[in-house]
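Okay, here's what each chain looks like letter by letter:
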Amino acid sequence: EPEVTQTPSHQVTQMGQEVILRCVPISNHLYFYWYRQILGQKVEFLVSFYNNEISEKSEIFDDQFSVERPDGSNFTLKIRSTKLEDSAMYFCASMRLAGVYEQYFGPGTRLTVT
Amino acid sequence: AQSVSQHNHHVILSEAASLELGCNYSYGGTVNLFWYVQYPGQHLQLLLKYFSGDPLVKGIKGFEAEFIKSKFSFNLRKPSVQWSDTAEYFCAVNANYNQGGKLIFGQGTELSVKP
């Protein structure tokens, strides 16, 4: 069964550094998402992406964050200058079509900012 | 704003006990409802979903959920749990008008099943 994959599984970075989290969504899916979960807290929506543009973003998704689909398969989340509070598990998800479909989640990337 | 509340943070049951996990949402419009499960070390997987029609939906592994519109609830049930059901369970909602849109998650319920 096709799966969403994410790399790396764990990323450690120093405050102020840039990180890129990578996702490969399921190949025939058209909607892409990033969520994050800070330890002990809810899974929170960050951004959705459709037709090569952001369709919705949360208040968390400020100018430090960006997303890109550089080719036909990858979907990336970049954090330009990481802060301690960016430490979280970041989940990528994809969905085939809008309507009666569900989002499929990747295994997550644990980002630790020191 | 939409929100989702799960009543129990941690539930401990013995095998063969019945399970009910509560989920309430806050949103005035039509919603799609989901339960996801995260087994230890694995990614979020869909257990079941409700879009329309019969408010009692059946999912994988013997789970079911009932949508009660008047109570804004979507509780998850299983008549007899197994040790392998130990996992974290998340209720989620998205607004029906924006079906490509974000999921709003509850805080999750950790289920521990004792053999």
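Before any of the text, the structure's been laid out above.
Residues numbered from 1 in each chain as written. Chains lettered and ligands numbered in written order. Predicted model: local features only at pLDDT ≥ 70, side-chain atom pairs only at ≥ 80, totals over all residues. Heavy atoms only, no water.

**Student:** Requested: an account of the overall build of chain B, with residues and values cited.
**Tutor:** Of regular secondary structure, chain B possesses zero helices and 12 strands. Radius of gyration (C-alpha) of chain B: 14 Å, near the 13 Å computed for a compact globule of 115 residues. Projected onto the principal axes, the alpha-carbon positions of chain B cover approximately 45 × 25 × 20 Å. Here chain B holds 115 residues, and 48% of them are scored as buried. At a minimum sequence separation of 6, the contacts of chain B that also span at least 24 residues come to 56%. (Helix = DSSP H or I, 4+ residues; strand = E, 2+ residues; numbered from the N terminus. Rg over C-alpha atoms; globule rule 2.2 N^0.38 Å. Buried < 20%, exposed > 50% of the residue type's maximum accessible area, 1.4 Å probe, protein only. Contact = heavy atoms within 4.5 Å.)

**Student:** Which residues make up the pairing of strand β4 (residues 23-26) of chain B, and what values do they have?
**Tutor:** Residue and element names in this part refer to chain B. Of the two faces of β4, the one lined by Cys-23 and Tyr-25 is fully buried and the one lined by Asn-24 and Ser-26 carries no buried residue. When strand β1 (residues 3-6) meets β4, the two strands line up antiparallel, connected through four bridges. Following the sheet pairing, Gln-6 is matched in β4 by Cys-23. (Pairing = 2+ DSSP bridges.)

**Student:** If you had to explain the nonpolar core to someone new, which residues and values would you point to?
**Tutor:** Grouped together as the largest cluster of nonpolar side chains are 29 residues, with contacts concentrated most on Leu33(B), Trp35(B), Leu47(B), Leu48(B), Phe74(B), Leu76(B) and Tyr89(B). Residues within four places of Leu33(B) in sequence aside, it is in contact with Tyr25(B), Leu48(B), Lys49(B), Tyr50(B), Phe67(B), Phe74(B), Ala92(B) and Val93(B). Counting residues in each nonpolar core, the second largest holds 22 residues, with Ile26(A), Leu46(A), Phe61(A) and Leu77(A) among its members. (Core = buried A, V, L, I, M, F, W, Y, C linked by side-chain atoms within 4.5 Å.)

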